[in-house]
Amino acid sequence: MILIGLKLSVVLVLLLGCTHHLVQGTCSVEHCTDPTRCVLSKDQRNCKCATGYYGDQCDKDAHIKVMCGRDYITVSALEDFFMYHNVPLESLHLSNKSCRAQREVIHGVPYYMSRITKEKYLVCGGKQLEKNFTHISYSLSLLSDPQVTGNIIRNPVIKIEYKCIYPYIRRVSLPFPVVPFSSETVMRVDELDATIELMLYTDQSYSKAYSSSPTIELRDKVYVEVTVTEPADFFLLRINKCWATQSSKPRSAEGLVHTLLMNGCVNDQTVVFLNESTGHPGRNGESSTVRFSFDMFRFTSTPHDLYLHCTVQLCEPDDHKSCTPNCKSITKREAVRADPALGLLSYGPIRIEMPDRAQSSILMTVVLPVAAVWTVGFFLIILITVAKAGSRRLAQTEEH
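Residues numbered from 1 in each chain as written. Predicted model: local features only at pLDDT ≥ 70, side-chain atom pairs only at ≥ 80, totals over all residues. Heavy atoms only, no water.

As named in an unreviewed UniProt entry, the protein chain is Uromodulin, taken from Dissostichus eleginoides.

Below, the structure is given as structure tokens:
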């Protein structure tokens, strides 16, 4: 699994009241002059403190803070805020009463706080996750038990509702389905499927993809595109490695292997990254689409058809540093992301085209020279035979 950095927002609601109906904390009407701290009722007979403030004049800031970390969620408020409402520490808890609040002194100031890990979210009474296409929300409530005296309750009950909203890009798991001619892989991101597709195109315009197994001549350009199709234009995509094999199995030990990209960097001198919009040289990992080309080749032994395999990884939209490979030196290049989680795409077969003119050329250069040798040899034999016959007749004439 891969943990990706966070962008988040916080939603906070503070409720004070009795056990049957919840109302904001009350304040003195004559002192309610700042609408950011206190709010008058419509009839202007009552006022209540705005969220985060308390006191008879709503002039005290409770310093309620929510921290949404990678693996934890924390809410805290001044101890004085709870003491003003006669709420003891031992009465504070999350929806599950076993998840109690603690007292902590920060820079000499005492706070009451609750901190839980993501693993304990549901155990501590976290609400059902709210999800949409791009974000996921964690909602919790910090509650105080009602202070019962006999059969009555006089002090208010505190309920702080808070929420952390994370982008929907946390953990990636890796199923690797392979579909010929438009290979796709699905990288699981929490409960969102990020679909990545690999295709080969007929030319540098990237306007027409091959709809069947492509046949390409040696040294012709092979135009490759890897892109995140869902969600579109959200992730940064980095191709970590691409290699060609004689087998459809990417990890097979059988047959020959040729590496095109290694650690996000060029490993074959004919490989060129292309900018998605301009077609000019581009970079790996700068957008949700990566394009590159290489010169077609074949293996020295049969089968000459080849299969292309690429491993990819996803990065947070503003995490350019992690997604852009450093290809200046081997040491730095190999140090980039020691063990990233990768998705795999496989494409093929890509067939080698052997033009008729090439076969004719081979025929002319091989067959014709052999035929010429046989022809010259045949005439030499005839000449030698004629010469010998002439020599015998001459010898017989001299004897007579």
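### Points about the overall build of the protein chain
The following threshold applies: Comment: elements are numbered from the N terminus, with helices defined as DSSP H or I runs of at least four residues and strands as E runs of at least two. Here the term buried applies to any residue with accessible area under 20% of the maximum for its type, exposed to any over 50%, and partly exposed to those in between, with areas from a 1.4 Å probe on protein chains only. Contacts are assigned to residue pairs that have any heavy atoms within 4.5 Å of one another. Methods summary: accessible areas were calculated by the Shrake-Rupley approach with a probe of 1.4 Å, and residue burial reflects only the protein chains presented.
Helix and strand counts for the protein chain stand at four helices and 29 strands. The 400 residues of the protein chain split such that 41% are buried. When contacts within the protein chain are restricted to residue pairs at least 6 apart in sequence, those whose partners lie at least 24 apart make up 64%. Surface exposure of the protein chain reaches about 22400 Å², of which carbon and sulfur atoms provide 54%.

### A look at the confidence of the model for the protein chain
This is how it is decided: You can read pLDDT as the predictor saying how much it trusts each residue, on a scale of 0 to 100.
Confidence in the prediction for the protein chain averages 76 pLDDT; 72% of positions are at 70 or higher. Within the protein chain, strand S2 (residues 22-23) has the poorest average pLDDT of any element, 32, and strand S24 (residues 257-262) the best, 95. Scored below 50 in pLDDT, residues 17-24 shows 18 contacts in the model against residues more than four places distant or in partner chains. Long-range and interchain partners of residues 169-180, a stretch whose pLDDT sits below 50, account for 50 contacts in this model, where long-range means more than four residues apart.

### With respect to the pairing of strand S22 (residues 221-230)
As a reminder, the rule being used: When DSSP finds two or more bridges between two strands, those strands count as paired.
Taken across its ten residues, S22 has seven buried, putting it largely inside the fold. Two strands pair when backbone bridges link them, and S22 and strand S27 (residues 289-295) are joined in this way by seven bridges, in the antiparallel orientation. Counted as the bridge partner of valine 226 is valine 290 from S27.

### Quick notes on the packing of aromatic side chains
Definition in use: The criterion for an aromatic pair is that two Phe, Tyr or Trp rings (for Trp, the six-membered ring) have centres within 6.5 Å, with stacked assigned to planes under 30 degrees apart, edge-to-face to planes over 60 apart and tilted to the rest. Any Lys NZ or Arg CZ found within 6 Å of a ring centre and within 35 degrees of that ring's normal is scored as a charge over the ring.
Within this structure, the stated rule accounts for eleven aromatic pairs. Between tyrosine 201 and tyrosine 206 the ring centres are 5.2 Å apart and the planes differ by 50°, which places this aromatic pair in the tilted class. Of the aromatic side chains, those joined through ring pairs into one cluster are Tyr54, Phe81, Phe82, Tyr84 and Tyr112. Sitting above the plane of the tryptophan 243 ring, lysine 241 keeps its charged end 5.0 Å from the centroid.

### Observations concerning the environment of glutamine 269
When you line up the elements, glutamine 269 lands in the loop between strand S25 (265-266) and strand S26 (272-274). You can call glutamine 269 exposed: its relative accessible area is 80%. Along the sequence, glutamine 269 and aspartate 295 sit 26 residues apart, while their C-alpha atoms lie 9.2 Å from each other.

### Overview of the state of the cysteines
A covalent bond between the sulfur atoms of two cysteines is what we call a disulfide. Which entries qualify depends on this criterion: The definition used for a disulfide is geometric: two cysteine sulfur atoms within 2.5 Å.
Under the counting rule described, the total for this entry stands at six disulfides. Disulfide pairing is shown between cysteine 49 and cysteine 58; the S-S distance is 2.1 Å. Here cysteine 49 and cysteine 58 share a disulfide; its torsion about the S-S bond, -90°, makes the bridge left-handed. Through a disulfide, cysteine 68 is tied to cysteine 164; the S-S separation comes to 1.8 Å. Looking along the S-S bond of the cysteine 68-cysteine 164 disulfide, the torsion reads about -80°, which is the left-handed sense. Taken together, the residues cysteine 68 in strand S8 (residues 65-68) and cysteine 164 in strand S17 (residues 157-167) connect sequence positions 96 residues apart. Taking relative accessible area as the criterion, cysteine 68 reaches 11% and is therefore assigned buried. Using a relative accessible area of 0% as the deciding quantity, one classes cysteine 164 as buried.

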